[in-house]
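# Observations on the model geometry
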Amino acid sequence: MAETRIIHGFHAVTSCLRQNAAGVREIYVASGRHDRRAQELIRLTGGRGVRVILVDDRRLDGMTGNARHQGVAARIDAGQMPTHIEDVLESLKAPALLLVLDGVTDPHNLGACLRVADAMGVHAVIAPKDRAVGINATVSKVACGAAETVPYIVVTNLARTMRELKERNVWLVGADERAEHELYSAKLTGPVALVLGAEGEGMRRLTRETCDELVRIPMLGSVESLNVSVTAGICLAETRRQRSRAR
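This write-up is about the structure you can find in this document. Here the structure is a predicted model, which means the values were calculated and not measured.

### As for the sheet that holds strand β5 (residues 97–102)
An order of β7-β6-β5-β10-β8-β11-β9 is seen for the seven strands of this open sheet, with the pairing classed as parallel. Each edge of the open sheet is held by one strand with a lone partner, namely β7 (152–155) and β9 (181–182). Packed on one face of the sheet, helix α9 (residues 228–246) meets β5, β8 (171–175) and β10 (192–197) and runs near 160° to β10.

### Focus: the state of the cysteines
Taken as a whole and assessed by the stated rule, the structure comprises zero disulfides. In this structure C113 is a free cysteine whose sulfur lies 11 Å from that of C235, the closest cysteine sulfur available.

### A few points about unusual backbone geometry
Notably, R131 is not glycine yet its phi reads approximately 55°, a positive angle. Here R131 is to be found in the loop between β6 (124–128) and α6 (137–143). With a phi close to 65°, N169 is a non-glycine residue in the positive phi region. By the element assignment, N169 lies in the loop between α7 (158–167) and β8. Exposure remark for N169: the relative accessible area of 62% places this residue in the exposed category.

### A look at the nonpolar core
The nonpolar side chains of soluble globular proteins are, as a tendency, buried together. Core analysis: the largest hydrophobic core is formed by 30 residues, its most contacted members being L99, L101, L114, V125 and L194. Look past the residues within four positions of V125 in its chain and what remains in contact with it is L99, L101, L114, A117, V150, P151, Y152 and I153. Counting 19 residues, the second-largest nonpolar core is a separate cluster that includes V155, M162, V170 and V195.

### A look at the sheet that holds strand β3 (residues 51–55)
Spatially, the four strands line up as an open sheet ordered β1-β4-β2-β3, and their pairing is mixed. Edge positions in the sheet fall to β1 (4–8) and β3, since each of these pairs with one other strand and no more. Averaged over all pairs of adjacent strands, the angle between their axes in this sheet comes to 25°, without regard to strand direction. Pairing of strand β2 (residues 24–30) with β3 involves five bridges; the strand directions are parallel. When the bridges of β3 are listed, E26 appears paired with R51.

About the criteria used
- Residues numbered from 1 in each chain as written.
- Predicted model: local features only at pLDDT ≥ 70, side-chain atom pairs only at ≥ 80, totals over all residues.
- Heavy atoms only, no water.
- Pairing = 2+ DSSP bridges.
- Helix = DSSP H or I, 4+ residues; strand = E, 2+ residues; numbered from the N terminus.
- Contact = heavy atoms within 4.5 Å.
- Axes fitted to C-alpha atoms, helices over the stretch in contact; angles between N-to-C directions.
- Disulfide = S-S within 2.5 Å.
- Buried < 20%, exposed > 50% of the residue type's maximum accessible area, 1.4 Å probe, protein only.
- Core = buried A, V, L, I, M, F, W, Y, C linked by side-chain atoms within 4.5 Å.

Listed below in structure tokens is the structure:
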């Protein structure tokens, strides 16, 4: 039997249902919800062959770990997307655009990063097995469906994976507030992996040393650092801007 996991929240469940209904096993709706939003979700399952189960709040709390589930959850297949970066790279018809996250342990940050990655057309997000939050129900809710559309590749040795990307001619650009050059001076039109660390700690030393290039986002105000998802958005938007102009 295929591995499954629970997602929750209207955005996450609705997005998954629209994008990959075949991967949705069951949808659970609080029996006390009779509002328009719940009814629209139930109508959306029509013709998609997805079973809707009415449950009480206690069961939803147990399924989601007492998260803010909004009265809806779903059980989905966990193995629908690529799990190896080689599979992603071999299927590409455009220069690779990857996001490498080192040390992101907060599920809200990861969810926001996945949402940005989906919006900017990132081909895969890569993260280490250790010192990383991984995909869970909170991540899926914050990502608003992106956790089910953007391949999330977990690797046991991040530095080794980065070296393997180099061998495939992927340029590794790390964001570091201490870097000499600004983001806007980097050339991002070819195959590239943007490497980010968690806010505060940043990238680990070996991760930083493995990058081909380090860049910083110019800070013109009083704050000294940005949230990792904000950094991801700025770096990815600049990458897309350069690629659009190059075309």
